[in-house]
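Geometric and topological summary
If you want the building blocks of each chain, they are given just below.
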Amino acid sequence: MAAHLKKRVYEEFSRVVQIPQEEAPAKKLRLSKPSKSAALHIDLCKATNSTDALQYLLHFARKPVEVESVEGVVRILLEHYYKETDNSVRLKIASLLGLLSKTQGFSPDCIVDDAINTLNNEKSHQVLAQLLDTLLVIGTQLPESPTVRQRLIEMACKHLSDTYFGVRNKCLKLLGCLGMADTPLTKDNDGPGASLGGVRDIQSIISDFFGDQDPRVRTAAIKAMLQLHERRIKIHEIIYDQACRLLSDDYEQVRSAAVQMVWVLSQLYPESIVPIPSSNEEIRLVDDAFGKISHMVSDGSWMVRVQAAKTLGSMLQVSHHFLEQTLDKKLMSDLRRKRTAHERAKELFTSGEFSSGRKWADDAPKEKLDTNTVNLIASGACGAFVHGLEDEMFEVRIAAVEALSQLARSSASFAEKCLDFLVDMFNDEIEEVRLQSIHVLREISTHITLREDQLDTVLAVLEDSSRDIREALHELICYTNVSTKECIQLALLELLKNLNKYPTDRNSVWKCLKFLGSRHPTLVLPLVPELLSTHPYFDTPEPDMDDPAYIAVLVLVFNAAKSCPTMPALFSDHTFRHYAYLRDSLSHLVPPLRLPGNGLDLVDSRCGSGSVESAQLFLQQSLNRVSTIQNLEAPGAQDLLNFTIRDLQRLGELQTELAGAADFCATYLRCQLLLMKALQEKLWNMAVPLCLKQNVTATAAAQQILEETYKLEFLYSGLESRQVATIHHVRLQAKALQLILTARTRQGLDPLISSCEKFLQDIESFQRLFVAELPHLQDSFVDKLLELMPRLSSCKPVEMVKILLATLRLSGLLQLRLPEQIHRATATIIEPTGESDNPLRFTTGLVVALDIDATLEHVQDPQNTVKVQVLYPDGQSHVIHPKPSDFRKPGPDRHRLITQVYLSHTAWTEPSQIEVRLLLAYSSSSTSLSSSSASKLGWSDSIDSLPPPEAAVEGTIPFSKPVKVYIMPKPARR
């Protein structure tokens, strides 16, 4: 017993306690970059002369500077500035100080004192001007510091008396950008108006330089005043008289700036009353300004004339009689001061009741005005738009046409009066002027009705060789009102001539006649027997339905018949058959009509707003029904998805207004269906060698889901951030499926490790991009992954794959929420039609041009995204990127592509078909950049220091039906 106790005591005292050794913290290495200030100091010390120093400074300006190095670089530059005697080097240093002050994250308040000291001690005028520019940059970077602002303004006022114009210009610019209306200034220099002395406000100081001897300073003074206006500082009304005097300045830059100044004051004080010189009459300030600017349309400088014409278009508050005076070169009586009845009776009494006969025609009416007559508008301003439209410079004519458009849209009576002038511009020698005139007349077409002579002048433009001109004119005729049935007949005749001369205008002419008929049903009615060649007693031959001219006539008649119920009684039997044919083949041009007596009751009266609302309700109910898929077994869930996808596709065909939303939902549900099929139970409970075919199917499904998500993201417009997050969520599920399949099929650890690392990067990128949408993604696949993120980051690849498989199979369908409007990008190839059996022949080794004409709907940035693909029978594919000038924009969300594709191939033994289609290019990098990626850059806005972005996924999506064209490359003759 004693031995046993002794043993226990020894055991207790001999127990070994092992204290775990704390791991020594790993040493962190900090990579330090060489100091920019030290390198600059060494370079400047090495310079032996001013030329070397200037070269070093120029070389330094090309390199970015980090935020933390800016202050040290500034100190080195200032130190060298004080030592330098060469003006060019000091000028460059002053410029660099201004550039460094713009560096994001750097506060330039620490260099204000040094910059002001250098300004006080500087003798060179050029360096002074550059230093003032640097002070302006510093002031704009410190908007919250009124003390610094006040000091800078005082420095600018101090140097306003400098003899060099550049210094005065910079001072005025600084006052305009930093001056405040409520800041009193003491101006005690030797500049203009210095004799007034005392406390002045900023506007009076600037206005003193309206009379400076240098025109560049006068221009700078006006621009400084305009800068105050842009900063929402109200300009004093007394400036108006000074600005009006500057309209007659000798230099065009001054006059151009003065025109803008007068316009600004007319918008600030439109109802103020101003006196007319040398009289007791008074008029509104906006009318007086309108007259003075109208006078500038006859200026000697074409740049001033353009500025004046553009400014007139924005003066919508002007009186009506002043507005009409711009269309008549002769002064109207409304703008002359009229004498009262007492003044006329007094003149008649003093002159005698009857003529004495001693002086020839002394009682004749006098057109010449006497000295008592005062014009309310300058005679040079009469007919301002007439002068502008007849100007020798086409830029002035375009500006005058645009100004007429703005004024005519706000005044129906003025639109009627300027109609003749706009129609005359259709004969201008410059195509751009003609095109602009057509567009302007189209914009004011609701206010006007064309007479027959005017319509004749308009239709003469249809012979123009420019396709843009002709199509713009077709668009104009669509929305123009005409007065008589002869006008309808004339328009139809000229449009048929156009169709015969330019067959490629077929669709545009048909569309034009559609609107022409629907707008003038009563005028088309008496022309129907003549247009359809019908006779009350005799049968006439049936016209050829392949004739585009006959189809054009039918489109005109059928659209007029929609609003004229008595017109179908004039149709012959073959006209009813032709209607049924055109209603099916050209349903966008031929409206539904009720045609009695022939069993053709084709009016779809139920297609109205109510049907659209019911379709929207059906769409929402379909999405709500799919949300219950979690409670169904796999076969039933797949059947429900299949039926819903079918219903949504049919809904998109029936309701064009909801086609985009229905297709978007169908594509999203198709992705879910593919994912559900790929995650079936039997695929994952079998060994890999026993389910190779299923693995191939699941791999194809994952790849198809990825392609569909890119379509969802880039083929549809109007998506909100929540929809984009949902799309990226499905894409992440597809990538997880790909990773799981990679682990099941590949042998080797290295590819799996790299795939796992890339997937973790995708999760982090998703969290960074859609952090605001994460609350709406609760219990989703991404939400569960983010909860498991610490475990995923530290586990082995095989364990990570098991976690992903379990999470993927447990995650349910994410509910899709539709935004207000979703539109699908679509393209329709008009030319080539693909109907011709005559092959396009060309010699092998040479090229042949194929004309492409297509309409694009809801395509964002088509100049960079739309491409043309040509697929040859041997499998070769060529992708052509059209030029930006090949795209036109006829309306909102609509574009037109008119280009040529050059084809070439080796010799063929017989003709064969090629396929032409349009592709929409996309790049995932366009959405992978978050707002936070715009990190703080250097002072030169360099991106060299940013980390390289991840590899972007680029591809193309076909979004038009392919068109087949016969071609025949023939061998070259030897």
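Numbering of residues begins from 1 in every chain and follows the order in which that chain's sequence is written. With the structure being a predicted model, the display of local features is reserved for residues of pLDDT at least 70 and the display and counting of side-chain atom pairs for 80 or more, all residues being used for whole-chain, interface and lining totals. Neither water nor hydrogens contribute to the side-chain values; these are computed over all heavy atoms in the structure.

For the protein chain, the name recorded in an unreviewed UniProt entry is Integrator complex subunit 4, with Sander lucioperca as its organism. For the record of the protein chain, the UniProt heading Sequence similarities (unreviewed entry) holds the text "Belongs to the Integrator subunit 4 family." UniProt positions are given in the numbering used here, feature names are shortened, and annotations may be inferred rather than shown by experiment.

Secondary structure elements are taken from DSSP: a helix is a run of H or I of four residues or more, a strand is a run of E of two residues or more, and numbering for both begins at the N terminus. Looking only at helices and strands, one finds 41 helices and 20 strands in the protein chain. Per-residue burial for the protein chain yields a buried fraction of 46% across its 974 residues. Relative to all contacts within the protein chain whose residues are 6 or more apart in sequence, the contacts with residues 24 or more apart total 73%. Roughly 52,000 Å² of accessible area belongs to the protein chain as shown, and the carbon and sulfur atoms make up 52% of that amount. Partly exposed describes any residue whose relative accessible area lies between the buried limit of under 20% and the exposed limit of over 50%, with all areas from a 1.4 Å probe on protein chains only and scaled to the type maximum. Residue contacts are defined here by distance: any two heavy atoms, one from each residue, within 4.5 Å place the two residues in contact. Computed with the Shrake-Rupley method and a 1.4 Å probe, the accessible areas treat only the protein chains shown as cover for residues.

Quick look at the side chain of T709 now. Relative to the helices and strands, T709 is located in helix α35 (residues 692-714). A 3.5 Å cut-off defines polar contacts: any pair of N or O atoms within that distance qualifies, except that in protein one atom must be a possible hydrogen donor and the other a possible acceptor, and neighbouring residues in sequence count only when both atoms are side-chain atoms. There is a polar contact of 2.6 Å between the side chain of T709 and the backbone oxygen of L706. With residues up to four places along the chain from it excluded, the contact list for T709 reads I727, V730 and R731.

Bringing the packing of helix α25 (residues 485-501) against helix α29 (residues 548-561) into the picture now. Relative to each other, α25 and α29 sit at 145 degrees, their axes nearing to 10 Å. For α25 against α29, the interelement crossing comes out right-handed. Two secondary-structure elements touch here, α25 through L492, L496 and L499 and α29 through P548, A549, A552, V553 and L556. All residues other than Ala, Val, Leu, Ile, Met, Phe, Trp, Tyr, Cys, Pro, Asp, Glu, Lys and Arg, Gly among them, are scored as polar; the first ten of these are nonpolar and the last four charged. Of the residues belonging to the contact of α25 with α29, the class tally is eight nonpolar, no polar and no charged. Every axis corresponds to a line fitted to the C-alpha atoms, with the helix fit spanning only the stretch in contact, and the corresponding angles, defined between N-to-C directions, vary from 0 to 180 degrees. Less than a right angle of anticlockwise turn of the near helix away from the far helix marks a crossing as left-handed, whereas a clockwise turn marks it as right-handed.

Right, let's talk about the sheet that holds strand β16 (residues 887-891) for a bit. The strand order across the open sheet built from four strands is β11-β13-β17-β16, with neighbouring strands paired in antiparallel fashion. Of all the strands in the sheet, the pair left with one neighbour each is β11 (826-831) and β16. Ignoring which end each strand starts from, the neighbouring axes of this sheet average 30 degrees apart. Two strands qualify as a pair provided that DSSP identifies no fewer than 2 bridges between them.

Aromatic pairing here means that ring centres of Phe, Tyr or Trp (its six-membered ring) are within 6.5 Å. Orientation follows from the plane angle: under 30 degrees is stacked, over 60 is edge-to-face, and everything else is tilted. Applying the stated rule across the entire model yields 12 aromatic pairs. With centroids separated by 5.5 Å and ring planes inclined at 40 degrees, the aromatic side chains of Y479 and F515 adopt a geometry described as tilted. With a gap of 36 residues between them, Y479 in the loop between α24 (467-478) and β6 (481-482) and F515 in helix α26 (residues 506-519) connect regions that are remote in the sequence. According to the relative accessible area criterion, F515 is partly exposed, its value standing at 23%. Residues F714 and Y922 carry aromatic rings whose centres are separated by 5.1 Å and whose planes lie at 15 degrees to one another, so their mutual orientation is stacked. Taken together, the residues span a long stretch of sequence, with F714 in helix α35 and Y922 in strand β18 (residues 912-923) at a distance of 208 residues. Comparing F714 with Y922 shows no difference in burial state: the two are buried. Through a chain of ring-to-ring contacts, three or more aromatic side chains come together here, namely F558, F571, F576 and Y579.

You can see D113 is positioned in helix α6 (residues 112-121). For the pair D113 and R151, spaced 38 residues apart in the sequence, the C-alpha separation amounts to 9.8 Å.

With that settled, consider the pattern of salt bridges. Think of a salt bridge as a Lys or Arg side-chain nitrogen and an Asp or Glu carboxyl oxygen that are within 4 Å of each other. Inspection of every chain in the model, using the stated rule, returns 39 salt bridges. Residue R467 pairs with D853 through a salt bridge whose shortest N-O separation is 2.5 Å. Placement of R467 in helix α24 and of D853 in strand β13 (residues 848-857) is noted, with a sequence separation of 386 residues between them. Judged by its relative accessible area of 2%, D853 falls in the buried class. Between K758 and D762 there is a salt bridge whose closest N-O contact spans 3.9 Å. Residue K758 and its partner D762 are located together in helix α37 (residues 750-769), separated by four residues, close to a single helical turn. Several salt bridges share partner residues, and in doing so they unite R467, E471, D853 and R896 into one network.

This next bit is on the environment of L490. Summarising the element assignment, L490 is placed in helix α25. Between the C-alpha atoms of L490 and L455, which are 35 residues apart in sequence, the distance is 8.4 Å. When neighbours within four sequence positions are excluded, L490 is seen to be in contact with E452, L455, D456 and L459.

Next up on the list: the pairing of β16. Inspection of the sheet shows β16 paired to strand β17 (residues 894-903) by three bridges, in the antiparallel sense. Bridge assignment links R888 to a residue of β17, and that residue is R896. Hairpin connection, β16 to β17: the antiparallel pair is bridged by two residues, and D893 has positive phi, about 60 degrees.

Here the focus is helix α13 (residues 252-268). In an α-helix, one turn spans 3.6 residues, which is why side chains three or four residues apart end up on the same side. Take the number of residues in a helix, subtract one, and multiply by 1.5 Å to get its expected span. Along its 17 residues, α13 runs 25 Å from first to last C-alpha, staying within 8% of the 24 Å computed at 1.5 Å per residue. Close packing links the buried residues of α13 with α11 (215-230), α12 (239-245), α14 (285-295) and α15 (302-313).

Residue position: P839 is located in the loop between β11 and β12 (840-843). Taking relative accessible area as the criterion, P839 reaches 21% and is therefore assigned partly exposed. C-alpha of P839 to C-alpha of M968: the two residues are 129 residues apart in sequence and 5.9 Å apart in space. Ignoring sequence-local partners within four residues, the contact set of P839 consists of P911, Y966, I967 and M968.

What follows is about the packing of helix α33 (residues 659-678) against helix α36 (residues 721-745). Between α33 and α36, whose axes approach to 11 Å, the crossing angle comes to 25 degrees. As the angle between them shows, α33 and α36 are arranged roughly parallel. Handedness of the crossing formed by α33 with α36: left-handed. Here α33 contributes F664, Y668, C671, Q672, L675 and A678 to the contact with α36, which in turn contributes Q723, T726, I727, V730, Q733 and L737. Here the angle decides the label: under 35 degrees means roughly parallel, over 145 means roughly antiparallel, 65 to 115 means roughly perpendicular, and every other value means oblique.

It is worth spelling out helix α7 (residues 125-141) at this point. Taking 1.5 Å as the rise per residue, α7 with 17 residues should run 24 Å; its terminal C-alpha atoms sit 25 Å apart, in good agreement. V127, L128, A129, L131, L132, T134, L135, L136, V137, I138 and G139 are the residues of α7 that are buried. Looking at the buried side of α7, the elements it contacts are α4 (67-83), α5 (87-101), α6, α8 (146-158) and α9 (165-178).

Bringing the confidence of the model for the protein chain into the picture now. Keep in mind that low pLDDT regions are not for reading the predicted coordinates in detail. Per-chain confidence: the protein chain averages 80 in pLDDT, with 81% of residues scoring 70 or above. The secondary structure element of the protein chain with the lowest average pLDDT is strand β8 (residues 600-601), at 46, and the one with the highest is α13, at 93. For every residue, the predictor assigns a confidence score, pLDDT, that lies between 0 and 100. Note on residues 5-14: pLDDT is under 50 here. Beyond four places in sequence and across chains, it has zero contacts. In the predicted structure, residues 366-374 sits below a pLDDT of 50 and forms 13 contacts with residues beyond four places in sequence or in another chain.

All right, on to unusual backbone geometry then. Residues apart from glycine generally show negative phi values, whereas peptide bonds are mostly found in trans. Of note, the bond from E831 into P832 is cis; its omega dihedral lies within 30 degrees of zero at 0 degrees. Looking at the element boundaries, P832 is found in the loop between β11 and β12. Phi is positive for H858, close to 60 degrees, though the residue is something other than glycine. Mapped onto the fold, H858 is located in the loop between β13 and α41 (862-865). Here H858 falls in the buried class, since its relative accessible area comes to 19%. The backbone of D861 shows a phi angle near 55 degrees, a positive value even though the residue is not glycine. D861 gets classed as partly exposed once you look at its relative accessible area, which sits at 39%.

As a further point, take the pairing of β13. Within β13, seven of the 10 residues are buried, leaving the element largely enclosed by the surrounding structure. When β11 meets β13, the two strands line up antiparallel, connected through five bridges. The partner of E831 across the bridge, within β13, is D853. Note that β13 and β17 share 10 bridges and pair antiparallel. When the bridges of β17 are listed, E857 appears paired with R894.

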